[in-house]
Amino acid sequence: MMPSSTFDDVCEKFGIIDGKCKRTSWLCFKFDFLPPSFFNHITAWFIRKYKPSKIDSGYALYRGICMLDIDESGCEKILVTMSTDIIALQVVSFSEQAEGFGSICSDIYSEVGQSIKDMKMRYKVKISFKLNFKCSNGDYNNDTFEYSTLKTTQEFYCRQHQTAHLSEQIYLPWMKAESPMDIMLRCQSLLVSRLSRDKNVFMCIPLTTSPTTVTSLCASSSYIVTRRTENVIKKITQVPKLLKKY
């Protein structure tokens, strides 16, 4: 059984509270219901993926809190903790060379998100979550901000710090900024995957198509071409109805 410790004690042991490191915002998976056993599975996944950080008494693995090294240098670490309904992640860096976090955070988010989905299917657990965020030195337990809300406003008022934060500074470390080409390819990929079960068709949208046009096609209609007669382009309307079949 893992020993117990407080969040503040863990942070003090690593010099996080003293400002010896750079910290990302908190990425929070906020569940409707979070069984403690589910967090144990998440912790086990992290331990398999990353090396637990060392401390004088052993490793920084506690009940509901763990610290892990992202690479062999140990300069960049990930702090994983939980509360009643939240699994919260924060990346901290003690590096003197690295100016930012690069793609570390977005990669972790993608991997953890996929891991949660896999566990839900494997253990047949009917739970759902919403993405929330909290400022780097904020309390991840209280007054978190939903990602869907942050995406629609440039800044928000933080009651804990009694000041305003820029929304992008909170969520962008974790959510990779999409270029217009990324958006277009994602829309195409989504529709192709949804229609892939129909062996007679595939999506045919030129890569030069603007993101606005692609979005419009996703919402209303799309051009597809049959594999048997690739030179014949047929307009298929009411794509949303087609997608519902899959």
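Residues numbered from 1 in each chain as written. Predicted model: local features only at pLDDT ≥ 70, side-chain atom pairs only at ≥ 80, totals over all residues. Heavy atoms only, no water.

1. Topic: unusual backbone geometry
Excluding glycine, residues mostly have negative phi values, and the peptide bonds linking residues are mostly trans.
Thought 1: With a phi close to 50 degrees, Asp 143 is a non-glycine residue in the positive phi region.
Thought 2: Positioned with a positive phi, Gln 162 is a non-glycine residue whose angle comes to about 55 degrees.
Thought 3: Along the chain, Gln 162 turns up in the loop between strand 12 (155–158) and strand 13 (163–166). (Helix = DSSP H or I, 4+ residues; strand = E, 2+ residues; numbered from the N terminus.)

2. Structural notes on the side chain of Thr 144
Thought 1: If you trace the backbone, Thr 144 turns up in the loop between strand 10 (129–134) and strand 11 (145–146).
Thought 2: In this structure the side chain of Thr 144 is engaged in a polar contact, spanning 3.0 Å, whose partner is the side chain of Asn 132. (Polar contact = N/O pair within 3.5 Å; in protein donor to acceptor, adjacent residues only side chain to side chain.)

3. With respect to helix 1 (residues 7–14)
Residues lying three or four places apart along an α-helix face the same way, a consequence of the helix completing one turn every 3.6 residues.
Thought 1: All of the buried residues along helix 1 are Val 10, Cys 11 and Phe 14. Axial view of helix 1: buried residues confined to an arc of 95 degrees, hence all on one face.
Thought 2: Contacts made by the buried residues of helix 1 are with strand 4 (54–55), strand 6 (61–62), strand 7 (65–69) and strand 8 (76–82).
Thought 3: Residue Gly 15 follows helix 1 closely and has a positive phi angle near 75 degrees. (Buried < 20%, exposed > 50% of the residue type's maximum accessible area, 1.4 Å probe, protein only. Arc of directions from axis to C-beta. Contact = heavy atoms within 4.5 Å.)

4. A closer look at the environment of Cys 28
Thought 1: With respect to the helices, strands and loops of the structure, Cys 28 is situated in strand 2 (residues 26–31).
Thought 2: Here Cys 28 falls in the buried class, since its relative accessible area comes to 0%.
Thought 3: In this structure the C-alpha to C-alpha distance between Cys 28 and Thr 144, which are 116 residues apart in sequence, comes to 8.0 Å.
Thought 4: Among all residues touching Cys 28, those that are not within four sequence positions of it are Ile 86, Ile 87, Ala 88, Lys 130, Leu 131, Asn 132, Tyr 140 and Thr 144.

5. Examining helix 2 (residues 36–49)
Thought 1: The end-to-end C-alpha distance of helix 2, which contains 14 residues, comes to 20 Å, matching closely the 20 Å that a straight helix rising 1.5 Å per residue would cover.
Thought 2: Those residues of helix 2 that are buried lie in contact with strand 2, strand 7, strand 8, strand 9 (86–93) and helix 3 (104–123). (Expected span 1.5 Å × (residues − 1).)

6. Overview of the pattern of salt bridges
Thought 1: Following the criterion strictly, the structure yields four salt bridges and no others.
Thought 2: Across the pair Glu 146 and Lys 130 runs a salt bridge, and its minimum N-O distance is 4.0 Å. Of this pair, Glu 146 sits in strand 11 while Lys 130 sits in strand 10, and the two are 16 residues apart along the sequence. (Salt bridge = Lys/Arg side-chain N within 4 Å of Asp/Glu carboxyl O.)

7. Examining the packing of aromatic side chains
Thought 1: The full count for this structure, using the stated rule, is twelve aromatic pairs.
Thought 2: Taken together through their ring pairs, the aromatic side chains of Phe 29, Phe 31, Phe 38, Tyr 109 and Phe 129 make up a single cluster. (Phe/Tyr/Trp six-rings, centres within 6.5 Å; stacked < 30°, edge-to-face > 60°.)

8. What to know about the confidence of the model for the chain
For residues with low pLDDT, the predicted coordinates do not support detailed interpretation.
Thought 1: Overall, the prediction assigns the chain a mean pLDDT of 78, with 72% of residues at 70 or greater.
Thought 2: Note that pLDDT drops below 50 for residues 197–203; the model gives that stretch 21 contacts with residues more than four away or on any other chain. (pLDDT = per-residue confidence, 0-100.)

9. Describing the nonpolar core
Thought 1: Ranked by internal contacts, the top residues of the largest apolar core, which has 39 residues, are Phe 29, Phe 46, Leu 89, Ile 108, Phe 133 and Trp 174.
Thought 2: For this core, the element with the highest residue contribution is helix 3, accounting for six residues.
Thought 3: Residues within four places of Phe 133 in sequence aside, it is in contact with Ser 25, Trp 26, Leu 27, Thr 144, Phe 145, Tyr 147, Leu 150, Ile 170, Tyr 171, Trp 174 and Met 175.
Thought 4: Membership of the second largest hydrophobic core comes to 17 residues, among which are Val 10, Trp 26, Tyr 62 and Tyr 140. (Core = buried A, V, L, I, M, F, W, Y, C linked by side-chain atoms within 4.5 Å.)

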